[in-house]
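# Chain and residue survey
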Amino acid sequence: MTSIDIKEDSIPAPRSREEKSGRLLDVKDLHVEFHTRDGVVKAVNGVNYSVDAGETLAVLGESGSGKSVTAQAIMGILDMPPGKIPQGEILFRGQDMLKMSNEERRKVRGRKIAMIFQDALSSLNPVLSVGYQLGEMFRVHEGMGRKEAKAKAIELMDRVKIPAARERVNDYPHQFSGGMRQRIMIAMALALEPDLIIADEPTTALDVTVQAQVMDLLAELQREYHMGLILITHDLGVVADVADKIAVMYAGRIVETAPVHELYKRPAHPYTRGLLDSIPRLDQKGHELYAIKGLPPNLLKIPSGCAFNPRCPKAQDICRTEIPALVPVTEQDGASLPGRGSACHFWKETIHG
Amino acid sequence: MGRYVARRLLQMIPVFIGTTLLIFIMVNVLPGDPVRALWGDKPPDPAQVAQIRHDRGLDLPLWQQYLHYMGGLLQGDFGNTIAGNRPVLDEITQAFPVSMRLASMAWTFELIVGISLGVLAGIRRGRFVDNTVTLFTLLVISVPIFVVGLLCQLFFGNELGWITPTVQDSEDMGQLLVPALVLGMVGLAYVARLTRTSIAENRQADYMRTAVAKGLPRQRIVTRHLLRNSLIPVVTYLGTDVGTLMGGAVITEGIFNVTGVGNLLFQALARREGAVIVGVVTVLVLVYLAASLIVDLLYAVLDPRIRYA
């Protein structure tokens, strides 16, 4: 296949053009909680986001911010119990997946929505060859035979640029390097050319040089197949190059949304500002590195009001009592900034002050 | 792989010599004299006793007897029994097929039922099935095998009359069924527990999450992804259990009157037939060694990360 610049017309895909565009995923007021012995852990508290075909949404946040749990809820791979979704909708092409039967959801998984996990070594089955694990997608979802599936697996390994794919198809995950393993994860997610891919910290377990290669590959394939991509990460560096828009999460809520470059230029939430300030910079060599004070909140006991208030340098009384809603962010003169939102009582001061 | 097998086979030689020597010494220090026992309650004739001892080489020093015995063994001669002067090999070739039949039935039972119960309990951990299996296996492990054996004999044999209380024909698989179930019961409980723990642990693994995310049907996830990763401890147990089932069936064989190896060993011990004891144990040692070699080779088949060079 060629690059997507030539537009959908020339793509020899079996799907119609309509299916390949438009709104893919709409998460509406999603809540996820875990019932544990110590109480109810509120991992996700009313998340809203959407992804269009060909669009990349980066979900940013510390560990425990609920970014992975949201993704797992979308995939339908949460352990339930202890997990529970008391409220919310996950619309995939307009259909609420939370209302689907198990079998319907299974058919969506892997075929329409696929996921790339963080640690490819533990996420691939150690006792099955990579060829088998890749081929399994075709055998299960498309009813292919063993031979055909293996040929497809080799093709896939070629697509993600694994050298000597034909010789390595029968190798096991432990025989590959970290970067190559992550490529195999990507290949597996891509196998059936899904509409949406969720990548959960796909480069965190890799060393820096390989990170860039893997991200480039992912971005390239995404463009080529015109897929929606949800990129979950805590690495602001990774996001800048590939994402279209960003959602910053804190304590199970989205605290800021923005198109990618605007967020870097003018954050509208003190938490985002803190994250940006804690990126090491060459021009500040020798200075102490900024860090957001305190620890992420305990999800069993989320602070009242704005969850970020105990760590926020700008916190006022209202922050301790009232939960700020995600409101649209505008220019100083009131001109709208499409796609921007902030859940801070003092977003005006933060962005314009 | 070939070199590994060769090395393992070579390692068997010292193990083999060591075990036979130990058994040989132990049989000789046992109180009681098989030659005198030939006369029963009557006073033996010292001259005749000395004659028999000399004929059998029993008057030689122990190390010479051992060398003599090993020399014979290498030529396939297991010696003769003292009472009756029959070749030990005959007794062994009579008893082993019976025990093999009994053991293989018990083993198959352990394998199929044990693993199935373990898988069921493991994937439904903490639920009703799991609790039932855990309780049942605990019960089986805690009750001595002779109690289970006698109860089965009483219930199925005497009360219900489904089986003959004792085995009349040790060649008949049908008659061996209940003894085999009794024999395999404890192993089954261990297999079920091992499988359960292993399954419950591996169920949390990251690759299981991947398998679900791939949209695989549940059955495939369990059989292809979960089971294979969970089987290594179970295979270890099942492997060593082959030997135990073959030689350790003394009680079960006694209750149901099966003329297998356990029975033979028990009789030989009672009559101080050293040659028979050493012969039987020798064969059992070989069975154990072969089983453990096969288990080790199976590891590599089950888990490609294990490779033997």
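My aim in this report is to walk through the structure given alongside it, one point at a time. Just so it is clear, the structure is predicted and the values come from calculations on it, not from any experiment. (Residues numbered from 1 in each chain as written. Chains lettered and ligands numbered in written order. Predicted model: local features only at pLDDT ≥ 70, side-chain atom pairs only at ≥ 80, totals over all residues. Heavy atoms only, no water.)

### A few points about the overall build of chain B
We apply this condition: Numbering of helices and strands starts at the N terminus; helices are DSSP runs of H or I of at least 4 residues and strands are runs of E of at least 2. Three exposure classes are used, based on accessible area relative to the maximum for each residue type with a 1.4 Å probe and protein chains only: buried under 20%, partly exposed in between, and exposed over 50%.
The helix and strand tally for chain B stands at 14 helices and zero strands. Going from N to C terminus, chain B has its helices and strands arranged as α-α-α-α-α-α-α-α-α-α-α-α-α-α. A principal-axis box enclosing the C-alpha atoms of chain B has dimensions of 85 × 55 × 30 Å. Here chain B holds 309 residues, and the buried ones make up 44% of them.

### Examining the nonpolar core
Residues and elements named next belong to chain A. For clarity, the threshold we go by: Take the buried residues of types Ala, Val, Leu, Ile, Met, Phe, Trp, Tyr and Cys, join any two whose side-chain atoms come within 4.5 Å, and each joined set is a nonpolar core. Throughout, the edges of the domains are those of an automatic or database domain assignment. The contact criterion used is simple: two residues touch if any of their non-hydrogen atoms lie within 4.5 Å.
Core analysis: the biggest nonpolar cluster contains 105 residues, and Leu 25, Tyr 49, Ile 74, Ile 113, Ile 186, Ile 198 and Ile 230 have the highest contact counts within it. Two domains each put at least three residues into this core: domain 1 (23-243) and domain 2 (250-352). Tyr 49 has contacts with Leu 25, Asp 26, Val 27, Leu 57, Val 59, Thr 70, Ile 74, Ile 230 and Ile 254, leaving out every residue within four places of it along the chain.

### Observations concerning the sheet that holds strand β4 (residues 83-92) of chain A
All names here are of chain A. Our working definition: Two strands pair if DSSP finds at least two bridges between them. Geometry is summarised by axes, namely lines fitted to C-alpha atoms with helices restricted to the contacting stretch, and by angles between N-to-C directions that run from 0 to 180 degrees.
Strand order across the open sheet formed by four strands is β2-β1-β4-β5, with antiparallel pairing between neighbours. Each end of this open sheet is capped by a strand with a single partner; those strands are β2 (39-52) and β5 (95-96). Of the strand pairs in this sheet, β4 and β5 are connected by two bridges, and their pairing is antiparallel. Its bridge partner being in β5, Phe 92 is matched across the sheet by Gln 95. Strands in contact with helix α1 (residues 67-75) are β1 (23-36), β2 and β4; relative to β1, the strand with the most contacts, it is inclined by about 110°.

### A look at the sheet that holds strand β9 (residues 245-250) of chain A
Residue and element names in this part refer to chain A. Read across the sheet, eight strands follow the order β6-β7-β8-β3-β9-β10-β12-β11 without closing on themselves; strand pairing throughout is mixed. Among the strands making up the open sheet, the edge pair consists of β6 (113-116) and β11 (327-330). Strand-to-strand twist across the sheet, computed as the mean angle between neighbouring axes with direction ignored, equals 25°. As paired strands, β6 and strand β7 (residues 196-200) are joined by four bridges and run parallel to one another. By the bridge assignment for β7, Ala 114 is matched with Ile 197. Most of the contacts of helix α11 (residues 270-277) go to β9, to which it runs at about 105°, and overall it touches β3 (56-60), β9 and β10 (253-259).

### Here we look at the packing of aromatic side chains
Under the convention used in this document: When the centres of two rings from Phe, Tyr and Trp lie within 6.5 Å, Trp using its six-membered ring, the rings pair. Their planes under 30 degrees apart give stacked, over 60 give edge-to-face, and anything left gives tilted. Think of it as a cone above the ring: NZ of Lys or CZ of Arg counts as a charge over the ring if it is within 6 Å of the ring centre and within 35 degrees of the ring normal.
Taken as a whole and judged by the stated rule, the model has eight aromatic pairs over all chains. Taking 5.4 Å as the distance between ring centres and 70° as the angle between the ring planes, the aromatic pair formed by Phe155(B) and Phe156(B) counts as edge-to-face. Aromatic side chains Phe156(B) and Trp162(B) sit 5.7 Å apart centroid to centroid with 25° between the ring planes, which places their arrangement in the stacked category. By relative accessible area, which is 24% here, Phe156(B) ends up partly exposed. One residue, Arg93(A), lies across the ring of Phe92(A), its end atom 6.0 Å from the ring centre. The ring of Phe176(A) is capped by Arg168(A), whose NZ or CZ atom sits 4.0 Å from the centre of that ring.

### Some words on the interface of chain A and chain B
Under the convention used in this document: Buried area is understood as the total, over both parts, of accessible area removed when two parts are fitted together, assessed with a 1.4 Å probe. Salt bridges are defined as contacts in which a side-chain nitrogen from Lys or Arg sits within 4 Å of a carboxyl oxygen from Asp or Glu. Each polar contact in these results corresponds to two N or O atoms within 3.5 Å; when the atoms are within protein, one needs to be able to donate a hydrogen and the other to accept it, and residues that are neighboring in sequence are counted only if both atoms are side-chain atoms.
Contacts between chain A and chain B engage 26 residues on the former and 21 residues on the latter. A per-residue breakdown of the area chain A buries against chain B is headed by Pro126(A), Val127(A) and Glu136(A), which together make up 24% of the total. For the pair chain A and chain B, the interface holds two salt bridges. The shortest N-O distance in the salt bridge between Glu136(A) and Arg220(B) comes to 2.8 Å. In this assembly, chain A and chain B are joined by 16 residue pairs in polar contact (both at pLDDT 80 or more).

### A few points about the pattern of salt bridges
Residues and elements named next belong to chain A. Scanning the entire structure with this criterion turns up 24 salt bridges over all chains. One salt bridge in this structure joins Arg 106 and Glu 103, with 2.7 Å as the shortest N-O distance. Of this pair, Arg 106 and Glu 103 both sit in helix α2 (residues 102-108), three residues apart, roughly one helical turn. Since its relative accessible area comes to 13%, Arg 106 is described here as buried.

### Remarks on helix α1 (residues 2-29) of chain B
Residue and element names in this part refer to chain B. Filter applied, for reference: The span expected for a helix works out to 1.5 Å for each residue beyond the first.
For α1, built from 28 residues, the straight-helix expectation of 40 Å at 1.5 Å per residue is met to within 8% by its first-to-last C-alpha distance of 41 Å. Listing the buried residues of α1 in full gives Tyr 4, Arg 8, Met 12, Phe 16, Thr 20, Ile 23, Phe 24 and Val 27. Against the buried residues of α1 lie α4 (62-74) and α14 (274-302).

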